[in-house]
Amino acid sequence: MSEETKTTTKSQPKPIKIEDGVSIKVKSGFYGVLCYKNPRSQETFVWEHIGDVQFMSMSDLKTIKAQDVGYFKNQWLVIVGVAEDSDCKAKPADIYKALAIDIYYKNFIDPTTFDEACSWTEAEIAEKVATLSDGARQNLVVALNGFIKDGTLDSRKKIKAFEKALDCELQVND
């Protein structure tokens, strides 16, 4: 084995094993009511609002991925971590990796912090919006319309920059 291969092998951390029964805190990243019914257990999970948290097993998350990966592709479900009473020390990044969905959260911006978008410069708007998934873009449009309505976002230049980056018209107050 070459010296380069040894170094590469040593630097890669061993993935954390997460048992199917581990309880995972899962937050809604969807504006509106989000529901999921596990076809195996018949258990139904409902998040009434964006940011609401439900506890799901790792097995439930595997079933969602197998049944409809769109929950992850669109970033409707956000892993917060494991339950406090769990012996498992996995972090959200470990859970995404174990589910093989980490690619969908590479440039993730938590929709519950979209109010920070109002402080982005015009250049940042173009750059950050370009990295968002389609679902995240839709959520951002809903959030921005709310921010325009309540006066949080009132800069015409920024609104125009968001419209250009998102390729849509936002609901401007006149």
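Refer to the structure presented above.
Residues numbered from 1 in each chain as written. Predicted model: local features only at pLDDT ≥ 70, side-chain atom pairs only at ≥ 80, totals over all residues. Heavy atoms only, no water.

## Concerning the packing of helix α6 (residues 134-150) against helix α7 (residues 156-166)
Rules: Axes here refer to lines fitted to C-alpha atoms; in helices the fit is confined to the stretch in contact. Angles between the N-to-C directions go from 0 to 180 degrees. Helix and strand definitions here come from DSSP, where helices need a minimum of 4 consecutive H or I residues and strands a minimum of 2 consecutive E residues; each element is numbered from the N-terminal end. An angle below 35 degrees is read as roughly parallel, one above 145 as roughly antiparallel, one from 65 to 115 as roughly perpendicular, and any other as oblique. Less than a right angle of anticlockwise turn of the near helix away from the far helix marks a crossing as left-handed, whereas a clockwise turn marks it as right-handed. Residue contacts follow a heavy-atom distance rule, with two residues in contact if any of their heavy atoms lie within 4.5 Å. Each residue gets one label: Ala, Val, Leu, Ile, Met, Phe, Trp, Tyr, Cys and Pro are nonpolar, Asp, Glu, Lys and Arg are charged, and the others, such as Gly, are polar.
Following both chains from N to C, one finds α6 and α7 inclined at 160 degrees, their axes separated by 11 Å at the closest point. Considering the angle they form, α6 stands roughly antiparallel to α7. For the pair α6 and α7, the crossing hand works out as left-handed. Contacts from Arg137, Leu140, Val141, Leu144 and Ile148 in α6 reach Ile159, Phe162, Ala165 and Leu166 in α7. Its residues assigned to classes, the contact of α6 with α7 comprises 8 nonpolar, no polar and 1 charged.

## Concerning the pattern of salt bridges
Applicable threshold: For this analysis, a salt bridge means a side-chain nitrogen from Lys or Arg found within 4 Å of a carboxyl oxygen belonging to Asp or Glu.
If you walk through the whole model with that rule in mind, you get 4 salt bridges. Lysine 25 is the partner of glutamate 84 in a salt bridge, and the nearest nitrogen-oxygen pair spans 3.1 Å. One end of the pair, glutamate 84, is in the loop between β5 (77-82) and α4 (92-98); the other, lysine 25, is in strand β1 (residues 23-28), and 59 residues separate them in sequence. For glutamate 163, the salt bridge is made with lysine 160, and the minimal N-O distance between the two is 3.6 Å. Of this pair, glutamate 163 and lysine 160 are both found in helix α7, 3 residues apart, which corresponds to roughly one turn of the helix.

## Topic: the pairing of β5
The line we're drawing: Type-normalised accessible area, obtained with a 1.4 Å probe on protein chains alone, sets the label of each residue: buried when under 20%, exposed when over 50%, and partly exposed for intermediate values. Paired strands are those between which DSSP finds at least two bridges.
Burial analysis of β5 places 5 of its 6 residues in the buried class, which makes it a mostly covered element. Pairing analysis gives 5 bridges linking β1 to β5, with the strands arranged antiparallel. Along β5, the bridge assignment pairs isoleucine 24 with valine 82.

## Notes on a nonpolar patch on the surface
Our working definition: Without a salt bridge and with relative accessible area above 30%, a residue can belong to a patch; like charges are then joined within 9 Å and nonpolar side chains (Val, Leu, Ile, Met, Phe, Trp, Tyr) within 5 Å. For accessible areas, the Shrake-Rupley method is used with a probe of radius 1.4 Å. Any residue's cover is judged against the shown protein chains and nothing else.
Together, Val53, Phe55 and Val80 give the surface a local cluster of nonpolar side chains, amounting to about 230 Å² of exposed area. Locating valine 80 in the fold gives a position in strand β5.

## Thoughts on the environment of lysine 97
Topologically, lysine 97 is positioned in helix α4. In the structure, lysine 97 is positioned 14 residues away from alanine 83 in sequence and 18 Å away in space, judged by C-alpha atoms.

## Examining the side chain of asparagine 38
Under the convention used in this document: In the analysis that follows, any N or O atom pair within 3.5 Å is treated as a polar contact, provided that within protein one partner can donate a hydrogen and the other can accept it, and provided that, for residues neighboring in sequence, both atoms belong to side chains.
You can see asparagine 38 is positioned in the loop between β2 (34-37) and β3 (44-47). At a separation of 2.8 Å, a polar atom in the side chain of asparagine 38 contacts the main-chain amide nitrogen of arginine 40. Engagement of the side chain of asparagine 38 in a polar contact is seen with the backbone nitrogen of serine 41, the distance being 3.3 Å. In contact with asparagine 38, not counting residues within four places along its chain, are Glu43, Asp60 and Thr63.

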